[in-house]
Amino acid sequence: MIPPNEKSDYESHSRRLNPWAWKNASLSLLTLLLLVPIYQYLNTNSSTNELVATTSPYSSIETIELTSSEKDDLKRLGLTPKKPIKIVTDEKGNQIVHGRFLHITDIHPDPYFKEGSSFDELCHRSKGNAHKYGDAISGCDAPMALMEETIKWVETNLKNKIDFIVWTGDNVRHDNDRNYPRTEQNIFEMNEHVSKLMFETFKKKDTPELEVDLIPSLGNNDVYPHNLFSIGPTLQTRELFQIWQRFIPQSQLHTFNRGAYFFKEVIPGQLAILSINTLYLFQSNPLVDNCDKRKQPGYKLFEWLGYVLKELRARKMKVWLTGHVPPNEKNYDLTCLRKYIVWIYEFRDIIVGGLYGHMNLDHFIPLDSVAAYKSIKDSQKKQKSKQLEMFEVFNQEYNDDLGTDALGETTFYQALDAKFDDSFFRIQGGVPANKVAYMETVREEVYAKIKGKKKQGDHGERYSISHVGSSVVPTFNPGLRVWEYNITNLANEMTNVKFEPWGRFFSEVEALIEKQDTYTDDFEESSVWSFIKRDKTFPLPKPKGAKLGPAYIPQTYTPERYVQYYADLASINKGKKEFDYEIEYSTDDSLYNLPVLTVEEWLKYARKLGKPAKANSINAEGKNKHKKKKHGKAEKGKNGKKLQEMWAEYLKNTFVSSNYENSGLG
Ligand SMILES: *[C@@H]1O[C@H](CO)[C@@H](O)[C@H](O)[C@H]1NC(C)=O
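Residues numbered from 1 in each chain as written. Predicted model: local features only at pLDDT ≥ 70, side-chain atom pairs only at ≥ 80, totals over all residues. Heavy atoms only, no water.

(A) Spotlight on the site of the ligand. Residues in contact with the ligand, as listed here, are N486, T488, N489, E493, P554, Q555, T556 and E560. A distance of 2.4 Å separates an oxygen atom of the ligand from a polar side-chain atom of N486. Measuring from an oxygen atom of the ligand, one finds a side-chain N or O atom of T556 at 2.9 Å. In isolation the ligand has 360 Å² of accessible area, and contact with the protein removes 54% of it. Classifying every residue of the shell around the ligand gives 1 nonpolar, 5 polar and 2 charged. (Near = heavy atom within 4 Å. Polar contact = N/O pair within 3.5 Å; in protein donor to acceptor, adjacent residues only side chain to side chain. Areas by Shrake-Rupley, 256 points an atom, 1.4 Å probe, with all protein chains shown as cover. Nonpolar A, V, L, I, M, F, W, Y, C, P; charged D, E, K, R; others polar.)

What follows is the structure, encoded as structure tokens:
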């Protein structure tokens, strides 16, 4: 057995799997001589786990009082007036931490958009009803004016109140007009245009430094042809780096060129944002197959993810995962989805949550780690892998009756398949169809099936949540979201932060990944080799001593609430309102009533959203007493009505107050 106080997860695991120390004493001396240097090499390179922390990254930390006009301004925007913290670092100079950030996604600016043109012609020509800032549910992309006004609104209203901007891709129009086919040049230029606009807007006044950090990620429409992206370095990864050079740390150039992913330390030594290239996990990318084969870019992405997460843990940092395409059974290849979910699970001590775009629907998706492990285990059994041992540990933790609930065979997946053909997820742009039916499926097959307290773990840690933001492109109405997170005790905690420069880590990661590159899948059978090159794309169990992080237990960096803003295009277009973003809802409104945005609270809320639906589906099936007993009765009376209102409110917000749910298109 493993002694409880391990120096590092890597060591504890390598000891457990070390095949020659206990079992293979018969190994020839020759093999040993060959292997020891490699073993030492790998161990040296994993030594970043025992950080020799040096200095504090901050030369000063100071809590700032808000003026009364600043407080009023925050209140006007529905934001919490809390005291910012001013820090000074070598890396960034003066930095104010407000405890807030913006998520913006799917702008889809269209230079061919013409006011007064026809929806049927994608707002490109003919006479019609297209308005200056676009129209909800018209099927058109965003007018340039909508993008410009949106970014201006953020500058005017939010720039001095947020710490960074998570910007999850699709900054180019859809490829849906035969008269204007997209070219590689178009895409390059538009990406460059939008990046420049963002940079100019959010940089400091007199220097080329960013005032508000921007963390872009790659959308499936940001590449040519759309959805297709191969492993780098390619012309495309180089072009992208060129376009995003102001946003990506130079030290990650090499990594970025390989896969268009990177991370950014938004609060030095404290908080990082990972930008994941989800096109490598995306089913619709024909250039990738899975995440289990070494040569696949998705495999390499997980290798990198593992090294980065481990390093962040060693540095006692917290991290948000961000990307364009959200994880679910339809979007991701199954081998990628389940890996992604178990990484989030095993790093539940440091991962705060996941932020995505792509779907244009404002909603959240709970991800079930037990189902992911079950799915992995089933496939591993078939392959007789050596890694099974790891999953046994996990399964003792939750003695769960999964039944057929495993990923990939879930009823959610089947239900989606039955209701929609593949085109539902593949077709891009255009007037949205079947989205109410999609949300009903999420309600019945995901929300209603969230396990109860006993099977969730004490703080719901069986699950993680991915948050899908509404888009700027008016598929419904344009939307933006501001997250607020806990900084109550941050100034105190910062005094203890130690800092280690990143340079060494990056060169080590490159060496490790290149080393792994020299192996092939054929070696898999040999036990010795499988020790040396343990499949690094699977996580090791979370170290026992590592406490649950901000996603699960309220602490510094726990999201407390978010405020969703939208532009009411119908009123703006009728001239009843000026162009503006206004508050749509926030997560502490009465029908959400979420006191803090921990996973546990989201799960409670999901179960409420799922509740009446569960009763409805039973009624529809007739009076099956057994089922009725199992699922409980439909909520009646006052509580039932409240639950119905909750769902109605949720749907309204999913479709960004465009009234789509009542439009007959759903
Ligand atoms: C914020 O974090 C601190 C610890 O840093 C914790 O004591 C406090 O309860 C948290 N606040 C909320 C509202 O959760």
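From this point, things continue past the structure.
(B) Examining the environment of V166 more closely. Position of V166 relative to the elements: it lies in strand β7 (residues 164-167). Residue classification places V166 among the buried positions, given a relative accessible area of 0%. Along the primary structure V166 and D213 are separated by 47 residues, whereas in three dimensions their C-alpha atoms are 8.6 Å apart. Residue contacts for V166: discarding those within four places in its chain leaves F101, L102, H103, I104, I215, I273, T322 and L355. (Helix = DSSP H or I, 4+ residues; strand = E, 2+ residues; numbered from the N terminus. Buried < 20%, exposed > 50% of the residue type's maximum accessible area, 1.4 Å probe, protein only. Contact = heavy atoms within 4.5 Å.)

(C) Layout of the sheet that holds strand β17 (residues 582-586). Strand order across the open sheet formed by 6 strands is β8-β7-β4-β15-β16-β17, with mixed pairing between neighbours. Each of the sheet's edge strands pairs with one partner strand only, and the pair in question is β8 (213-216) and β17. Going from strand to strand, the sheet's axes swing by 25 degrees on average, the running direction of each strand aside. Across 3 bridges, strand β4 (residues 100-104) lies against β7 in parallel orientation. Counterpart to L102 in the pairing with β7 is I165. Here helix α5 (residues 144-157) sits on the sheet in contact with β4, β15 (479-485) and β16 (559-566), set at roughly 25 degrees to β15. (Pairing = 2+ DSSP bridges. Axes fitted to C-alpha atoms, helices over the stretch in contact; angles between N-to-C directions.)

(D) Looking closely at the state of the cysteines. Summed over all chains, the structure comprises 2 disulfides. Paired through a disulfide, C123 and C140 show a sulfur-sulfur distance of 2.1 Å. The disulfide joining C123 to C140 has a torsion of about 75 degrees about its S-S bond and is therefore right-handed. On the criterion of sequence distance, the pair formed by C123 in the loop between β5 (109-110) and β6 (142-143) and C140 in the loop between β5 and β6 is long-range, its members being 17 residues apart. Take C123 and C140: they sit in the same class, and that class is buried. Between the sulfur of C291 and that of C336 lies a disulfide, 2.0 Å long from S to S. (Disulfide = S-S within 2.5 Å.)

(E) Highlighting the nonpolar core. Core analysis: the biggest nonpolar cluster contains 164 residues, and M198 and I267 have the highest contact counts within it. Those residues in contact with I267, other than ones at most four positions away along the chain, are Y58, I87, K92, Q95, V97, M317, Y485, M494 and Y557. (Core = buried A, V, L, I, M, F, W, Y, C linked by side-chain atoms within 4.5 Å.)

(F) Here's a closer look at the environment of D222. With respect to the element layout, D222 can be found in the loop between β8 and α7 (235-244). Here D170 takes part through its backbone nitrogen, which lies 2.8 Å from a polar atom of the side chain of D222. In terms of polar contacts, D222 uses its side chain to reach the backbone amide nitrogen of N171, at 2.7 Å.

(G) Expanded view of the environment of V431. Tracing the backbone through its elements, the reader meets V431 in the loop between α14 (423-426) and α15 (435-445). Exposure remark for V431: the relative accessible area of 44% places this residue in the partly exposed category. Sequence spacing of V431 and L665 is 234 residues, and the spatial spacing of their C-alpha atoms is 8.8 Å. Every residue in contact with V431, bar those within four places of it in the chain, is listed here: I137, S138, G139 and L665.

(H) Spatial organisation of the packing of aromatic side chains. For the coordinates displayed, the defined rule picks out 43 aromatic pairs. On the numbers, 6.2 Å between centres and 5 degrees between planes, the contact of F101 with W483 is stacked. Placement of F101 in strand β4 and of W483 in strand β15 is noted, with a sequence separation of 382 residues between them. Neither residue differs from the other here; F101 and W483 are each classed as buried. An angle of 40 degrees between the planes, with centres 5.8 Å apart, marks the rings of F229 and Y280 as tilted. Separated by 51 residues along the polypeptide, F229 in the loop between β8 and α7 and Y280 in the loop between β10 (271-276) and α9 (297-314) bring together distant segments of the chain. Each member of the pair, F229 as well as Y280, carries the same accessibility label: buried. Directly above the aromatic system of Y345 lies the positively charged group of R348, at a separation of 3.9 Å from the ring centroid. Positioned above the aromatic ring of Y562, the side-chain terminus of R481 is 3.8 Å from the ring centre. (Phe/Tyr/Trp six-rings, centres within 6.5 Å; stacked < 30°, edge-to-face > 60°. Lys NZ or Arg CZ within 6 Å of the ring centre and 35° of its normal.)

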